[in-house]
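# A look at the structure
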Amino acid sequence: MLASNLAGMVLTSLLIFGARITDVSIGTLRVILVARGMRRLAPVLGFFEVLIWVAAITQIMRNLDNVLAYFAYAAGFATGTYLGMYFEEKLAVGFCMLRVIVSGSASSLIESLKQSGFGITILDGYGSRGPVKIIYTIINRKNLARVMAIIQNCTPSAFYAVEDVRLASKGVFPPIQGGLSVFSSLRFWRKGK
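So, a few notes on the structure that sits alongside this text. (Residues numbered from 1 in each chain as written. Predicted model: local features only at pLDDT ≥ 70, side-chain atom pairs only at ≥ 80, totals over all residues. Heavy atoms only, no water.)

Let us look at the overall build of the protein. Scanning the protein for helices and strands turns up five helices and four strands. Starting at the N terminus, the α and β elements of the protein follow one another as α-α-α-β-α-β-β-α-β. A compact globule built from 193 residues would reach a C-alpha radius of gyration of about 16 Å, whereas the protein, at 23 Å, exceeds it by more than 25%. Principal-axis analysis of the C-alpha atoms places the extent of the protein at approximately 75 × 35 × 30 Å. Burial analysis of the protein (193 residues in total) assigns 38% to the buried set. (Helix = DSSP H or I, 4+ residues; strand = E, 2+ residues; numbered from the N terminus. Rg over C-alpha atoms; globule rule 2.2 N^0.38 Å. Buried < 20%, exposed > 50% of the residue type's maximum accessible area, 1.4 Å probe, protein only.)

Written out as structure tokens, the structure reads:
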């Protein structure tokens, strides 16, 4: 009797853990997609997030004497948060802006970015150590690693900053390397598209 009761407690805790991983991962993605302007997809994810959460909290309420379930709930939340961020990073939804500041000659970087099909805007500037070139480009986040490799190859001492961009249009965007984004076929979900 004690063994079956313990097995039931462990099984319930594992189900709660799995449910929390799932609903928190979905919730993390939902929040990030809202920030990226995919406001029509977010309510669909929110529906499933809350449905799974209700199932998990119901099990907690039915098993208030199961301390292992509390730890499973908290561990599922932590793991789900991590996995949600990991999945979002791998999906690389949306755009980002790179601001690259180069001391000295930036001609090789400029040419490499142009030849790779990236749209760029170049400004002359003056930094704390003298004249600089400031290069702006807005890219699909899927292309970030590719652009970072170009920067490292051409001007490894360049200063750069990457910022999220909520919306971009009418720019020069090369094809995403490595195939289509998971959400590229869901462009109609973006607000205003």
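Continuing now.
This structure, assessed with the given rule, holds five salt bridges. For Arg30, the salt bridge identified is with Glu49, shortest N-O distance 2.6 Å. Of this pair, Arg30 sits in helix H1 (residues 2-35) while Glu49 sits in helix H2 (residues 41-62), and the two are 19 residues apart along the sequence. With a closest N to O distance of 2.5 Å, Lys133 and Asp124 form a salt bridge. Given a relative accessible area of 28%, Lys133 falls into the partly exposed group. (Salt bridge = Lys/Arg side-chain N within 4 Å of Asp/Glu carboxyl O.)

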